[in-house]
Amino acid sequence: MPTLAYSAGTLTLLVLALYMLHKLRLVHILLHDVRDQAHHDSAGLFRQMEALQGLYVELDLKHSLPPTRGWAASPDILLELARHARSAKPATVVECSSGISTLVLARCMQMNGAGMVFSLEHDSEYALLTRAQLRRHGLEDWARVIYAPLRPHLLSDENWPWYDTSDLPACLPIDLLVIDGPPQATRPLARYPAGPLLFKSLAPGASVFLDDAARPDERTVLQRWHKEFPALEQSSRPCEKGCAVLSAQ
Ligand SMILES: C[S@@+](CC[C@H](N)C(=O)[O-])C[C@H]1O[C@@H](n2cnc3c(N)ncnc32)[C@H](O)[C@@H]1O
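Novice: How should the domain arrangement of the protein be read in this particular structure?
Specialist: Interface size is commonly expressed as the accessible surface area that is lost when the partners come together. What the domain assignment reports for the protein is domain 1 (1-59) and domain 2 (68-247). The distance between the C-alpha centroids of domain 1 and domain 2 comes to 42 Å. On the side of domain 2, 16 residues touch domain 1, which itself brings 9 residues to the contact. Summing both partners gives a buried area of about 1000 Å² for domain 1 against domain 2, and 62% of it is carried by carbon and sulfur. The interface formed by domain 1 and domain 2 includes 1 salt bridge. Joining domain 1 to domain 2, the criterion identifies 4 residue pairs in polar contact (both at pLDDT 80 or more). Here the residues of the side of domain 1 that touches domain 2 sort into 5 nonpolar, 2 polar and 2 charged.

Pasting the structure below:
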């Protein structure tokens, strides 16, 4: 009997030790994940700080920009846009959604000494906020924020809530199109209509920048555009939320 009791005790101890080992292994894996995530986050943050500093230097800004990231564009894509706008010198820029990107692009137009940004904004409050920021930066002559509420557009027998473009000057050849709206919550593939509704207005050699291109929705939109507009060459830039660039011949 004592032998039986002894083996039962040993078995219990063994099970307990195995359980502890299993838990220790889980903690070990978790610590690795936390360390990797912290490293990834700080590297990403550093990259955004560098891009933001680059923006202030390259745009020689006299006033601070509103907060970036989150709902607003991130410094990395803003810097990509600024560099493109400064080198390609687009005469007409159209934007789907307004905000910091409007300020950055308007400042590029001012530095280029030519060009105009037309920014479609579906939310009247954000339209006012962006206009106020443009005034604060003395950039109101270089960008026009167009209040463009979302209205139904019928495309391939489907209804798409998308910007009302009736106040966008007609027959404008677009040299640069920046797509960062409407917000994802408006409907699945919310940004798809920019293709069928605006790509026909792209000037030869025009570029299209799509923000948030790493999201599944935007990846599907890019695939649809690729099928429907094969002449637009697609590439990407290394930005935290993903940035796709479509280039017209
Ligand atoms: C992705 S944001 C546009 C960001 C803009 N391109 C920029 O660089 O700041 C798309 C739309 O979301 C709305 N929006 C912006 N900030 C928001 C916030 N904090 N909460 C809710 N909606 C917001 C605005 O109507 C904007 O047109």
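Next comes the rest of the write-up.
Novice: So what exactly am I meant to see when it comes to the site of the ligand here?
Specialist: The full set close to the ligand counts 14 residues, and Ile100, Ser101, Glu121, Tyr126 and Asp180 are the nearest of them. Ser97 has a polar side-chain atom sitting 3.2 Å from a nitrogen atom of the ligand. Contact with the protein chains hides 81% of the accessible area of the ligand, taken as 580 Å² for the molecule alone. Class assignment for the residues of the shell around the ligand results in 6 nonpolar, 5 polar and 3 charged.

What counts and what doesn't
- Residues numbered from 1 in each chain as written.
- Predicted model: local features only at pLDDT ≥ 70, side-chain atom pairs only at ≥ 80, totals over all residues.
- Heavy atoms only, no water.
- Domains from an automatic or database assignment.
- Contact = heavy atoms within 4.5 Å.
- Buried area = accessible area lost by both parts, 1.4 Å probe.
- Salt bridge = Lys/Arg side-chain N within 4 Å of Asp/Glu carboxyl O.
- Polar contact = N/O pair within 3.5 Å; in protein donor to acceptor, adjacent residues only side chain to side chain.
- Nonpolar A, V, L, I, M, F, W, Y, C, P; charged D, E, K, R; others polar.
- Near = heavy atom within 4 Å.
- Areas by Shrake-Rupley, 256 points an atom, 1.4 Å probe, with all protein chains shown as cover.

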